[in-house]
Amino acid sequence: MQSDMSLVVNLPKKFKLAYYVLLVILSLIGVIAIVVRLIVGLSAVIGIVAVRLNLAIPALVVPVLKGLDTAFIQPRWSFCYFPSLWEWASTIGLIALIVPGFSVAFQILPIFGEVERK
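Cut-offs used in this document
- Residues numbered from 1 in each chain as written.
- Predicted model: local features only at pLDDT ≥ 70, side-chain atom pairs only at ≥ 80, totals over all residues.
- Heavy atoms only, no water.
- Helix = DSSP H or I, 4+ residues; strand = E, 2+ residues; numbered from the N terminus.
- Buried < 20%, exposed > 50% of the residue type's maximum accessible area, 1.4 Å probe, protein only.
- Areas by Shrake-Rupley, 256 points an atom, 1.4 Å probe, with all protein chains shown as cover.
- pLDDT = per-residue confidence, 0-100.
- Patch = residues over 30% accessible without salt bridge, like charges linked within 9 Å, V, L, I, M, F, W, Y side chains within 5 Å.
- Salt bridge = Lys/Arg side-chain N within 4 Å of Asp/Glu carboxyl O.

Engineer: When you look at the overall build of the protein in this model, what are you seeing that I'm missing?
Structural biologist: For the protein, the helix and strand inventory stands at 4 helices and 0 strands. Secondary structure of the protein in N-to-C order comes out as α-α-α-α. Counting only residues that meet the buried cut, the protein has 1% of its 118 residues in that class. Accessible surface for the protein amounts to roughly 11,500 Å². Of this, 75% is attributable to carbon and sulfur atoms.

Engineer: In this structure, what is going on with the confidence of the model for the protein? I would like to understand it.
Structural biologist: In low-pLDDT segments, the atomic positions of the prediction should not be examined closely. For the protein, mean pLDDT is 78; residues scoring 70 or higher make up 79% of the total. For the protein, helix 1 (residues 4-9) is the element with the lowest average pLDDT, namely 51, and helix 4 (residues 85-108) is the one with the highest, namely 91.

Engineer: Can you walk me through a nonpolar patch on the surface in this structure?
Structural biologist: Side chains of Leu 17, Val 21, Leu 22, Ile 25, Leu 26 and Ile 29 sit close together on the surface and give an oily, nonpolar patch of about 560 Å² of accessible area. Mapping Leu 26 onto the fold places it in helix 2 (residues 13-61).

Following this line, the structure appears as structure tokens:
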């Protein structure tokens, strides 16, 4: 079987230059495609975070009614937020289910090509 280099050696000089130019262009297209995918992915993540912050921050900055924070004094009517025990437990529980799920999927699915089974 011949390698790519032996094919280039047998080509006339004008075709060798075209071959190398085509090789460089195809290499650049591959790099550009990777960069475009990276930019698109980051833009999606930044957009999702920006929308969430746009909904959460304005609601927390200005009180609903002027003087409401001082009108009633109750420990449960606090304007400071900290997650409850159930919120922490559900978050940790979801993470505890998702991480092993990804591990099992990584072992079963052929992500990097064909998987060899022992």
